[in-house]
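The residues making up each chain are set out below.
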Amino acid sequence: MSKMDLSPGSEARKRRLSALSIAPEGDMTALWSAWTEVHGEPAFTQLRAPEIGTVMVRGRAGAVGAPFNLGEITVTRASVQLASGVVGHGYVQGRSKTLALRVALIDALAEDGQGADIEASFIEPLERDRGGKRAARDKKAAKTKVEFFTMVRGEG
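Below or above, wherever it landed, is the structure these notes cover. (Residues numbered from 1 in each chain as written. Predicted model: local features only at pLDDT ≥ 70, side-chain atom pairs only at ≥ 80, totals over all residues. Heavy atoms only, no water.)

1. Some words on the overall build of the protein
Thinking step 1. Secondary structure assignment for the protein yields three helices and three strands.
Thinking step 2. Along the chain direction, N to C, the helices and strands of the protein fall in the order α-α-β-β-β-α.
Thinking step 3. The buried share of the protein, reckoned over its 156 residues, is 29%.
Thinking step 4. Summarising the internal contacts of the protein: among those between residues at least 6 apart in sequence, 56% fall at separations of at least 24.
Thinking step 5. Total accessible area computed for the protein in this model is approximately 10,200 Å², and 53% of it derives from carbon and sulfur atoms. (Helix = DSSP H or I, 4+ residues; strand = E, 2+ residues; numbered from the N terminus. Buried < 20%, exposed > 50% of the residue type's maximum accessible area, 1.4 Å probe, protein only. Contact = heavy atoms within 4.5 Å. Areas by Shrake-Rupley, 256 points an atom, 1.4 Å probe, with all protein chains shown as cover.)

As structure tokens, then:
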């Protein structure tokens, strides 16, 4: 799979695609249903039908060592073009063609001038939920934390 073309300097787009690419499918389905109730289904054509492939995941020992190939993960990608001509891309971890297509549509809608609505309807809820899950996981892990200390025996 080739690298996705993100408009140069588009930090908002990178953030948006990052949040969408790891969103749970159930959450995305609920958010998409709410969006289409208000805005309707967007008219689009598929430039790249959803397809499943793999990508190599790289790692570093201790986050500082030399990079090494950790293994492959399955990803699904799709590209769409809205009736206005704006193109959107979607890459998701896993094998969900529906999710990849929705991510591509959301990306295209945001690039088509609906960025603020997309931010409020998708990105903020997904990031808030992810932050809440992370805080709960950290709290659970903190309960198992063990403090180690060393006592020095005096000579004399």
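2. Considering the packing of aromatic side chains
Given two aromatic rings, their pairing is described by the distance between the two centres and the angle made by the two planes.
Thinking step 1. This structure, assessed with the given rule, holds two aromatic pairs.
Thinking step 2. Here Trp 32 and Phe 122 contribute two aromatic rings whose centre-to-centre distance is 6.3 Å and whose plane-to-plane angle is 35 degrees, an arrangement assigned as tilted. Taken together, the residues span a long stretch of sequence, with Trp 32 in helix H2 (residues 25-39) and Phe 122 in helix H3 (residues 97-142) at a distance of 90 residues. Comparing Trp 32 with Phe 122 shows no difference in burial state: the two are buried.
Thinking step 3. Look at Trp 35 and Phe 122: their rings are 5.7 Å apart centre to centre, the planes differ by 50 degrees, and that puts the pair in the tilted class. Remark: Phe 122 occurs in helix H3 and Trp 35 occurs in helix H2; sequence separation between them is 87 residues. (Phe/Tyr/Trp six-rings, centres within 6.5 Å; stacked < 30°, edge-to-face > 60°.)

3. Concerning the sheet that holds strand S1 (residues 44-60)
Thinking step 1. The strand order across the open sheet built from three strands is S1-S2-S3, with neighbouring strands paired in antiparallel fashion. With one partner strand each, in any of the chains shown, S1 and strand S3 (87-93) form the two edges of the open sheet. Between one strand axis and the next, the sheet turns by 25 degrees as a mean value, whatever way the strands run.
Thinking step 2. In this sheet, S3 lies alongside strand S2 (residues 67-82) in antiparallel orientation, the contact comprising seven bridges. Within S3, the residue paired with Gln 81 across the bridge is Val 87. (Pairing = 2+ DSSP bridges. Axes fitted to C-alpha atoms, helices over the stretch in contact; angles between N-to-C directions.)

4. As for the nonpolar core
Thinking step 1. If you look at the biggest cluster of nonpolar residues, it comprises 27 residues, and the most contacted ones within it are Leu 20, Met 28, Trp 32, Val 103, Ile 106, Ile 118 and Phe 122.
Thinking step 2. Elements represented by at least two residues in this core include exactly helix H1 (11-21), H2, S2 and H3.
Thinking step 3. Those residues in contact with Phe 122 that lie beyond four places of it in its chain are Leu 20, Leu 31, Trp 32, Trp 35 and Ile 106. (Core = buried A, V, L, I, M, F, W, Y, C linked by side-chain atoms within 4.5 Å.)

5. Side note on H1
Thinking step 1. Within the sequence span of H1, burial applies to Arg 13, Arg 16, Leu 17, Ala 19 and Leu 20. Down the axis, H1 shows its buried residues gathered within 160 degrees of arc, on one side only. (Arc of directions from axis to C-beta.)

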